[in-house]
There are 2 protein chains.
Amino acid sequence: MQKAWKTDPADSLKVGPGFTLADVDPASTPGFKGDKQAGESVLAAGAVELTALQQRLYARGVEGDERRVLLVLQGMDTSGKDGTVRHVVGMTHPEGVALKSFKAPTAWERRHDFLWRVARQVPAPGMLGVFNRSHYEDVLIQRVHQMAPAAEIERRYGAINEFEAGLADRGITVLKVMLHISPEEQKARLTERLDNPEKYWKYNPADVTERGFWNEYQQAYQIALERTSTEAAPWFVVPADRKWFARIAVQRLLVGALQGLHLTWPLPSFDVAAEQKRLRKS
Amino acid sequence: MQKAWKTDPADSLKVGPGFTLADVDPASTPGFKGDKQAGESVLAAGAVELTALQQRLYARGVEGDERRVLLVLQGMDTSGKDGTVRHVVGMTHPEGVALKSFKAPTAWERRHDFLWRVARQVPAPGMLGVFNRSHYEDVLIQRVHQMAPAAEIERRYGAINEFEAGLADRGITVLKVMLHISPEEQKARLTERLDNPEKYWKYNPADVTERGFWNEYQQAYQIALERTSTEAAPWFVVPADRKWFARIAVQRLLVGALQGLHLTWPLPSFDVAAEQKRLRKS
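Reading the values: the criteria
- Residues numbered from 1 in each chain as written.
- Chains lettered and ligands numbered in written order.
- Predicted model: local features only at pLDDT ≥ 70, side-chain atom pairs only at ≥ 80, totals over all residues.
- Heavy atoms only, no water.
- Contact = heavy atoms within 4.5 Å.
- Buried area = accessible area lost by both parts, 1.4 Å probe.
- Salt bridge = Lys/Arg side-chain N within 4 Å of Asp/Glu carboxyl O.
- Polar contact = N/O pair within 3.5 Å; in protein donor to acceptor, adjacent residues only side chain to side chain.
- Helix = DSSP H or I, 4+ residues; strand = E, 2+ residues; numbered from the N terminus.
- 1 Å grid on protein atoms, 1.4 Å probe; cavity = no way out; pocket = protein on both sides within 12 Å on 5 of 7 lines; lining within 4 Å.
- Points joined across faces, edges and corners; volume = space filled by probe spheres on them.
- Nonpolar A, V, L, I, M, F, W, Y, C, P; charged D, E, K, R; others polar.
- Least-squares fit on C-alpha atoms with pLDDT ≥ 70 in both.
- Pairing = 2+ DSSP bridges.
- Axes fitted to C-alpha atoms, helices over the stretch in contact; angles between N-to-C directions.
- Buried < 20%, exposed > 50% of the residue type's maximum accessible area, 1.4 Å probe, protein only.
- Parallel < 35°, antiparallel > 145°, perpendicular 65-115°, else oblique.

(A) Structural context of the interface of chain B and chain A. Each partner contributes to the interface: chain B provides 44 residues, whereas chain A provides 44 residues. Carbon and sulfur atoms supply 62% of the area buried between chain B and chain A, which totals about 4,000 Å² over both sides. The largest contributions to the chain B side of the interface with chain A come from Arg86, Trp201 and Leu279 of chain B, which together make up 19% of the buried area. Where chain B meets chain A, there are zero salt bridges. At the boundary of chain B and chain A, one finds 20 residue pairs in polar contact (both at pLDDT 80 or more). Among the elements that line the side of chain B that touches chain A, the one with the most residues is helix 12 (residues 272-281) of chain B, at six residues.

(B) Representation of empty space enclosed by the protein in the model. All names here are of chain B. For the coordinates displayed, the defined rule picks out one cavity of 30 Å³ or more. Of the voids in this model, the largest cavity is the one considered here, and its volume is about 50 Å³. Lining the largest cavity are Ser79, Gly80, Gly83, Thr84, Leu179, Arg189, Ala240, Lys243, Ala246 and Arg247. Secondary-structure elements contributing two or more residues to the lining of the largest cavity are helix 3 (81-87) and helix 11 (243-259). Here the lining of the largest cavity gets three residues from one element, more than from any other, and that element is helix 11. Residue classes in the lining of the largest cavity are distributed as three nonpolar, four polar and three charged.

(C) The relation of the copies chain B and chain A, seen in detail. Superposition record for chain B on chain A: RMSD 0.0 Å, screw rotation 180°, translation along axis 0.0 Å. Taken together, the turn and the small shift mark the pair as related by a two-fold rotation axis. A high fraction, 100%, of the interface residues of chain B reappear at the interface in chain A, so the copies pair face to face through one surface.

(D) Up close: the sheet that holds strand 5 (residues 235-239) of chain A. Residues and elements named next belong to chain A. What the five strands build is an open sheet, ordered 2-3-1-4-5; its pairing is parallel. Each having just a single partner strand, strand 2 (97-101) and strand 5 make up the two edges of the open sheet. Strand-to-strand, the axes of this sheet are offset by a mean angle of 20°, without reference to chain direction. Pairing of strand 4 (residues 172-180) with strand 5, which is carried by five bridges, proceeds in the parallel orientation. Bridge assignment links histidine 180 to a residue of strand 5, and that residue is proline 239.

(E) Spotlight on the pattern of salt bridges. Taken as a whole, this structure holds 30 salt bridges over all chains when the rule is applied. With its nearest N and O atoms 2.7 Å apart, the salt bridge here joins aspartate 65 of chain B to arginine 60 of chain B. Judged by relative accessible area, arginine 60 of chain B falls into the partly exposed class, the value being 21%. With a shortest N-O distance of 2.8 Å, glutamate 185 of chain B and arginine 189 of chain B are connected by a salt bridge. Residue glutamate 185 of chain B and its partner arginine 189 of chain B are located together in helix 8 (residues 183-195), separated by four residues, close to a single helical turn. The exposure class of arginine 189 of chain B is buried, given its relative accessible area of 6%. One network of salt bridges, in which partners are shared, links Asp113, Glu152, Arg155 and Arg156 of chain A.

(F) Up close: the packing of helix 8 (residues 183-195) of chain A against helix 12 of chain B. Across the interface, helix 8 of chain A lies against helix 12 of chain B with an axial gap of 10 Å and an inter-helix angle of 170°. Between helix 8 of chain A and helix 12 of chain B, the angle falls in the class roughly antiparallel. Residue-level contacts link Lys187, Leu190, Thr191, Leu194 and Asp195 of chain A of helix 8 of chain A to Val272, Glu275, Gln276, Leu279 and Arg280 of chain B of helix 12 of chain B. Grouping the amino acids of the contact of helix 8 of chain A with helix 12 of chain B by side-chain chemistry returns four nonpolar, two polar and four charged.

These figures capture arrangement, not role.
Dropping the structure here:
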């Protein structure tokens with residue numbers, strides 16, 4: 001692990017028993033002993049590391065290894081999900097990335113169980129998959145606005161755990177990240193969008209309406225984190241008021257997950273010397 | 001346009017009447033007055049330019065603009081398609097990129113017309129789409145190995161032109177690029193794969209077999225280029241023995257295509273002052 005990390009985010013940010021979201025300071029930088037500038041050089045170095053690992057994962061996928069990694073990104077509006085996609089995952093090889101952004105479900109999707117559309121987007125072997133929002137919206141916004149009956153919302157936590165355990169059984173490393181910002185930071189980010197004509201398109205009046213439900217969302221997150229942070233698919237809460245910290249933390253989580261797979265380059269499926277000879281003659 | 005370009009690749013690399021593939025030197029760097037080092041700084045500067053344009057395209061897509069750009073990448077094995085995806089398109093925002101790599105068609109795909117699987121992958125509004133290989137395989141490898149009756153191959157050129165004209169009608173800018181390498185350069189690149197255990201997975205014995213059909217492939221390309229380089233969807237032949245040149249040329253073609261759309265940031269769909277007030281109070 002890079003020296004600037006005192007403790008691995010995989011330990012310090014993991015949601016375990018007794019976890020309380022309200023105790024996490026969104027402006028903190030747990031385990032990292034450096035400032036923004038240090039963070040930027042760590043991000044650059046980490047990109048090289050992450051890409052090298054992703055290339056092995058992809059190469060093994062080509063050769064039939066079923067394993068893959070799925071990063072689930074959640075967080076309040078403006079928490080930096082898109083930026084994380086760009087500055088962490090976007091630095092790797094696009095051929096090996098499967099990015100899926102989940103919007104409000106369509107009429108067709110609503111005719112199915114809430115996991116239906118998600119199950120169809122599970123990354124293929126060898127891929128680094130990213131869900132930008134996910135099936136967790138079905139226990140977050142849907143809970144806050146009571147968009148489904150209470151008993152159905154209740155049922156979903158168990159269904160999610162079962163679904164994700166099934167993914168782990170199939171060789172999918174599931175990494176769930178909540179980007180955790182403060183309401184003040186969100187206000188600053190929304191204000192920026194309204195002050196800059198190049199950012200108007202990122203602004204949605206509904207975002208301000210949703211701000212009115214801040215506490216309800218935090219509560220819904222607390223419940224989801226408690227009930228769905230499992231051994232098979234743990235949650236990590238990443239303080240995200242400082243974008244640079246959130247990015248290096250997610251990058252480090254991904255690097256750690258890939259290192260944990262102990263990926264070696266695939267062995268040749270052909271006779272190397274014979275092929276060298278064939279090639280020379282061709 | 002950046003100063004290092006004497007002539008725009010959109011002009012110098014375009015396939016027009018009387019084009020002869022055999023006359024293009026794969027090691028040349030038409031229109032560019034600089035070396036590899038100059039090319040690298042042009043690539044870095046161009047990435048910023050391309051990303052800025054792509055962001056506008058994406059923003060307009062969110063607001064309902066139907067336009068999008070589709071880059072079709074073709075070329076012999078090892079011609080640098082993956083590298084171009086990574087070093088040109090991969091430098092932009094992943095949220096706005098729709099990458100599709102076409103492999104040999106599955107049994108299910110083969111039960112449909114050759115354009116069926118391609119039509120389903122046309123990028124959504126606002127996206128920068130990339131086809132890594134494409135429906136052109138159906139008039140390239142399929143022609144070389146007579147995998148379909150001659151009359152069917154013959155029919156496909158017209159079907160492709162009709163299909164692509166339809167894309168253009170829907171606001172899709174289609175840019176077709178052939179990465180053109182020499183057989184000597186391919187041999188060097190394949191040799192590298194066999195000399196490096198980290199690259200074994202990229203090597204396929206079939207690649208050497210296909211090398212035996214080099215002239216047939218060049219002829220199939222010549223015919224495809226002649227018959228399907230249209231006003232609506234022109235072909236560009238990019239000399240690709242020098243990877244750095246191929247990358248800056250494709251980047252410049254994309255930048256030019258996006259500039260041609262004259263994209264402005266979308267106007268706000270809300271009352272900015274009223275929203276600023278709402279936000280302040282929230």
